[in-house]
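Analysis of the macromolecular model
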Amino acid sequence: MHKLSHQVAGEWVPHSYPTNFSLVSKDNASPKIVAGVPGGDPSVFLRMVASLEPPYFLLYVLHTPRGEAKAGRYQSPAVSAEQLRKYVEAFGSYLCSDSRFDIWAHSSAEQATVVWDRHNQLFAYGPMQKFLTVLGDNGYSEGVVDISFPHQHHYREEFDVQAAAVLDAFEWTYSPLRSEDEQ
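Summary of the structure given here. Per chain, residue numbering runs from 1 following the sequence as it is written. In keeping with the model being predicted, local features are shown solely for residues with a pLDDT of at least 70 and side-chain atom pairs are shown and tallied solely at 80 or more, while totals for entire chains, interfaces and linings include all residues. For side-chain calculations, the full set of non-hydrogen atoms in the structure is used, while hydrogens and water are omitted.

**Concerning helix H1 (residues 42–50)**
Quick note on the threshold: Buried residues are those whose accessible area, probed at 1.4 Å on protein chains only, stays under 20% of the maximum for their type, while exposed residues exceed 50% and partly exposed ones sit between those limits. Helix and strand definitions here come from DSSP, where helices need a minimum of 4 consecutive H or I residues and strands a minimum of 2 consecutive E residues; each element is numbered from the N-terminal end. Residue contacts are defined here by distance: any two heavy atoms, one from each residue, within 4.5 Å place the two residues in contact.
Burial of H1 is extensive: seven of the nine residues sit out of reach of the surface. Taken together, the buried positions of H1 are Pro-42, Ser-43, Val-44, Phe-45, Leu-46, Met-48 and Val-49. For H1, the elements touching its buried residues are strand E5 (56–62), helix H2 (81–97), strand E7 (101–107), strand E8 (112–116), strand E9 (121–125) and helix H3 (128–137).

**Quick notes on the packing of H1 against H2**
Using the following cut-off: The axes are straight lines fitted to the C-alpha atoms, using for helices just the contacting stretch, and the angles between their N-to-C directions are given from 0 to 180°. Should an angle fall under 35 degrees it is taken as roughly parallel, and over 145 as roughly antiparallel, whereas 65 to 115 is taken as roughly perpendicular and any remaining angle as oblique. Note: crossing handedness is left-handed where the near helix turns anticlockwise from the far helix by less than a right angle, and right-handed where it turns clockwise. Polarity classes work like this: nonpolar for Ala, Val, Leu, Ile, Met, Phe, Trp, Tyr, Cys and Pro, charged for Asp, Glu, Lys and Arg, and polar for all others, with Gly in that last group.
Contact geometry for H1 and H2: axes closest at 9 Å, N-to-C directions at 150°. For the element pair H1 / H2, the angle class is roughly antiparallel. Crossing of H1 over H2 shows right-handed handedness. Taken together, the residues of H2 that come into contact with H1 (itself represented by Pro-42, Phe-45, Leu-46 and Val-49) are Leu-84, Arg-85, Val-88, Gly-92 and Cys-96. Across the contact of H1 with H2, the residue classes break down as seven nonpolar, one polar and one charged.

**Overview of the sheet that holds E9**
The strands making up a sheet associate through backbone hydrogen bonding, with each pair oriented either parallel or antiparallel. Applicable threshold: Here a strand pair is declared whenever DSSP counts at least two bridges between the two strands.
The sheet built from nine strands is open, its strands ordered E10-E3-E4-E9-E8-E7-E5-E6-E12 with mixed pairing. Looking at which strands have only one partner, the edges of the open sheet turn out to be strand E10 (141–142) and strand E12 (173–175). In terms of strand pairing, E5 meets E7 through seven bridges, oriented antiparallel. The residue of E7 that forms the bridge with Phe-57 is His-106. Sheet strands touched by H1: E5, E7, E8 and E9. Its angle to E8, the strand with the most contacts, is close to 175°. Strands in contact with H3 are strand E3 (20–24), strand E4 (32–36), E8 and E9; relative to E4, the strand with the most contacts, it is inclined by about 15°.

**Some thoughts on the pairing of E9**
The element E9 is extensively covered by neighbouring structure, given that four of its five residues are classed as buried. Direction of pairing for E4 relative to E9: antiparallel, over a ladder of four bridges. Of the residues in E9, the one forming a bridge with Ala-35 is Leu-122. Inspection of the sheet shows E8 paired to E9 by four bridges, in the antiparallel sense. Residue pairing across strands places Thr-113 opposite Tyr-125, the latter belonging to E9. Between E8 and E9, which pair antiparallel and follow one another directly, the connecting turn spans four residues, one of which, Asn-120, has a positive phi of 60°.

**What to know about the pattern of salt bridges**
As a reminder of what qualifies: Salt bridges are defined as contacts in which a side-chain nitrogen from Lys or Arg sits within 4 Å of a carboxyl oxygen from Asp or Glu.
Across all of its chains, the model carries 10 salt bridges by this definition. With a shortest N-O distance of 3.9 Å, Glu-82 and Lys-86 are connected by a salt bridge. Here Glu-82 pairs with Lys-86, and both are found in helix H2, just four residues apart, close to one helical turn. Accessibility expressed as a relative area gives 37% for Glu-82, which makes it partly exposed. A salt bridge links Asp-160 to Arg-100; the shortest N-O distance between them is 3.1 Å. Remark: Arg-100 occurs in the loop between H2 and E7 and Asp-160 occurs in helix H4 (residues 160–166); sequence separation between them is 60 residues. What emerges from the salt-bridge pattern is a single network uniting Arg-66, Glu-68, Asp-98, Arg-100 and Asp-160.

Have a look at this one:
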């Protein structure tokens, strides 16, 4: 299963990015990395976050619920590297196959954030060289990571139980969606 499709010869087919990344900097802002997540593989997100100093704070942005909870931002308490690994392992099939959310991980110690969004893109802010090393070690090279083509998201009924369990994994703190979170 996959969270994103695009059209090929009039048919919707799974979309998978190549192992590409690009460095982006706008208006004198600090650079960020934009990388594709081939096949929605959660290990890319996990490796990027694990390269940072724990504890981590997760932000689960539920923008398109299917009855499991109300739309909003759910922030975890401090999470250890082991807790993060177990979380991603437990919910990996949901994380890579459903588009109802974005997930963020933040390391306060390094003032760094990694975001895995509904388009199977990673955004990394913080220690660029560390992130570039992780990407290089995982076969990434500089290239285009673009979502400006017609595509569709999948919100899968078969993941409704896992979507609810994701929110039972920690004692999340809720806040409403921000305008930039909404689909």
